Amino acid sequence: MLSVPSSSEHNPAITFDNVRIGFDEGDILRGVSFEVQERETLVLLGETGTGKTLSLKLAAGLLQPTQGTIRVLGQELSSMKERELLEFRRHIGFVFQEGALFDSMTVGDNVAYRLLEDRVKDDEIEPRVLEVLRFVELEHTVDLLPSELSGGMRRRVSIARALINQPPIVLYDSPTAGLDPVTSQTIITLILRLRDVYGVTALLATQRLQDGFALANFRFDPATKRVVHSVSNGNAAAGAKMAATRFLVLREGEVYFEGGQEELAGTKDDYLKRFLV
Amino acid sequence: MTVERGYAFDSGFCPQQFTRALARRVTVADTPLQITGREDKAEEKITVVGVIVNAAKGAVADVQDYALLCGRTLYAIFTPPYYLQDILQQMDNIGAGSLPIILLSGFFIGAVMVLQTGSQFTRFGQSSLTGDVVAIALVRELGPSLTGLLVTGRCATGIASELGSMLVTEQVDAMRAMGTDPIRKLVAPRAIATLLTLPLLTAMTDFMGLIGGCVASVFSLQLTAVEFWRRAIDALVFSDLMQGFTKPMFFAFILATIGCYKGLTVRGGTQGVGRATTQAAVLSSVMIIVADAFLTKVALYLADKLF
């Protein structure tokens, strides 16, 4: 079980400071700044092409911004060489949009990938792989190839692969994109359990507002092992044990809205209302 | 349109072409329904000079990124960690997999060489010289370049399409996100495997060529097999062998790195993968032939001086 050290609230896990990135066609992110506290989940919303996936890749150090700084877990990414970044990425779990499983390897080998890279002993690998596959309820697929799984199952395997090293930060790129409502609920429940049971810090990019609201309104009750409606998100006493979920809306490369679920639901802004439709 | 260069895109490891290929899928066009208030891009004038200059800039950028890839591959080849499993698998794919076509082609090339040169030598009554000439031509020139071209056609395309497909399905990104260096995991094993197996395949081509030549000379030039072999083997000197087995190493490096470069800089989804595959085959074939010319000159010069 992962236990995140309880540091002060003023030590954010992820900080973006005036980040700017663009390519031949122009800047996509133009001076984006936000913070994600430990154990908090930040839901990134925005239209297609507003830089949600880019923000996730920046947070993982897969891309470098043209301007601005990014601090993750206290380390500044722009000043790190690739070798240091490779080491740093061991503390990050990244769930790609289409799963991005290695299609020539079995599910078990995919999930064990990082352990194989770290040359962990074989007899230690197998129980850890089965444990994490049990968490995503796909223990029976360990010897199958990714092409033999459905889209939802592949997503869950890719979540399992990101979790194998129990990273303190998990980055989700549209985890429910293209899935039917039932499978989407399964994925969101998984993310809920990760947040409430393991206390991971998460950055979740999505175009579906209902996923963000589901994360904000529900929580996983370890006593009954079920997902229950959370009484209130802002109540200090009840919310003390519960991790917060905040929303960030990107528009034209800038932060358009940042706040909690109640603020977003009750907004009078025309653009945001279009999201809520 | 400008080709942007700059340290910002080179994340210390990922040449700009890689990052551009990764990011290109992110941008999207404005549609009338999408009311984002984005500024319209100013219409730029297109001139012939502009097109040529941009093409030249693009080509220079390509060469730069390719050189970076070669440098990093060499570094990855000579320093640990190594992915032994991957190296062995690639040796199987590239080496053992190419053996059938090498054996077949080598046999018939040798036969053709004998038939062509034999007919000329017979005019002067010197048909026994055929063995000398064919052996030298095979070991010095035909063996290496033909093996290089055949293996390129088979393997550079396979490498480019495999790595290109991995790139468009974000598997290369996933690898980086999990702390694995794609150069060490994907490119270096293929380079090492080609470097080790291409000289061996060349040796097989030479051998099969001599056998084919022997068969052809027995049946059409009325030479005896013993005569052919003796003259063939006696004609070869050490410098011929040196030439014939160092050229494949250069060809191997060219083949592997061009295939990997084209694969890792794919843009445009599956259509891009097809394009990259074709370009890999064409480019590495041409580069092998060009390199052959330079290497031959260098080898002959060294043969003079050293041997």
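Predicted model only: the values in this text are computed from it and were never measured.

### Focus: the pairing of strand β1 (residues 14–23) of chain A
Residues and elements named next belong to chain A.
Right, on to step 1. Here 8 bridges tie β1 to strand β2 (residues 26–36), and the two strands are oriented antiparallel to one another. Opposite R20, over in β2, you have R30 as the bridge partner.
Right, on to step 2. Adjacent in sequence and paired antiparallel, β1 and β2 are bridged by 2 residues.
Right, on to step 3. By the bridge criterion, 5 bridges tie β1 to strand β4 (residues 67–72) in an arrangement that is antiparallel. Bridge pairing in β4 places R20 opposite Q67.

### A word on the confidence of the model for chain B
All names here are of chain B.
Right, on to step 1. Confidence in the prediction for chain B averages 85 pLDDT; 85% of positions are at 70 or higher.
Right, on to step 2. Of all helices and strands in chain B, the one with the weakest mean pLDDT is helix α1 (residues 16–24) (48), whereas helix α6 (residues 182–220) scores best (95).
Right, on to step 3. The low-confidence segment residues 1–15, where pLDDT is below 50, has 27 contacts with residues more than four positions distant or belonging to other chains.
Right, on to step 4. Two summary scores accompany this predicted model of the complex, namely pTM at 0.82 and ipTM at 0.82.

### Some points on the environment of A:Y113
Right, on to step 1. Mapped onto the secondary structure, A:Y113 falls in helix α4 (residues 113–117).
Right, on to step 2. Take A:Y113: there are 21 C-beta atoms within 10 Å of it, and that puts it in the buried class.
Right, on to step 3. If we skip the residues at most four places from it in the chain, A:Y113 touches A:R161 and B:M178.

### Description of the packing of helix α2 (residues 48–78) of chain B against helix α8 (residues 238–264) of chain B
Residues and elements named next belong to chain B.
Right, on to step 1. Across the interface, α2 lies against α8 with an axial gap of 10 Å and an inter-helix angle of 120°. In terms of their interaxial angle, α2 and α8 are classed as oblique. The two elements α2 and α8 cross, and the hand of that crossing is right-handed. Contacts from Y66, L69, C70 and T73 in α2 reach T257, C260 and Y261 in α8.

### What about unusual backbone geometry?
Right, on to step 1. The omega angle of the peptide bond from B:P80 to B:P81 is 0°, so this bond is cis rather than trans.
Right, on to step 2. Structurally, B:P81 can be placed in the loop between α2 and α3 (84–123).
Right, on to step 3. Unusually for a residue other than glycine, A:R119 sits at a positive phi of about 55°.
Right, on to step 4. Within the secondary structure layout, A:R119 lies in the loop between α4 and α5 (122–135).
Right, on to step 5. A positive phi angle, close to 55°, is found at B:Q222, a residue other than glycine.

### With respect to helix α4 (residues 129–168) of chain B
Residues and elements named next belong to chain B.
Right, on to step 1. Helix length check: α4, at 40 residues, gives a terminal C-alpha distance of 55 Å against a target of 58 Å (1.5 Å per residue), a fit within 8%.
Right, on to step 2. The sharpest bend along α4 reaches about 55° and sits at L138.
Right, on to step 3. Just downstream of α4, E170 is the residue with a positive phi angle, here 65°.

### With respect to the pairing of strand β3 (residues 41–46) of chain A
All names here are of chain A.
Right, on to step 1. When you tally the buried positions in β3, you get 6 out of 6 residues, the bulk of the element.
Right, on to step 2. Judged by which residues are buried, β3 turns out to be covered on both faces: T41, V43 and L45 on one side and L42, L44 and G46 on the other are all buried.
Right, on to step 3. Bridging between β3 and strand β8 (residues 201–205) involves 4 bridges; their strand directions are parallel. Of the residues in β8, the one forming a bridge with L42 is L203.
Right, on to step 4. Bridge count for β3 against strand β11 (residues 245–251) is 6 bridges, and the pairing is parallel. Looking at β11, one finds that G46 is bridged to L250.

Cut-off values and rules
Residues numbered from 1 in each chain as written. Chains lettered and ligands numbered in written order. Predicted model: local features only at pLDDT ≥ 70, side-chain atom pairs only at ≥ 80, totals over all residues. Pairing = 2+ DSSP bridges. Helix = DSSP H or I, 4+ residues; strand = E, 2+ residues; numbered from the N terminus. pLDDT = per-residue confidence, 0-100. Contact = placed C-beta atoms within 7 Å. Buried ≥ 20, exposed ≤ 12 C-beta atoms within 10 Å, placed from the backbone. Axes fitted to C-alpha atoms, helices over the stretch in contact; angles between N-to-C directions. Parallel < 35°, antiparallel > 145°, perpendicular 65-115°, else oblique. Left-handed = near helix turned anticlockwise from the far one by under 90°. Expected span 1.5 Å × (residues − 1). Bend = angle between axes of the 7 residues up to and from the residue.

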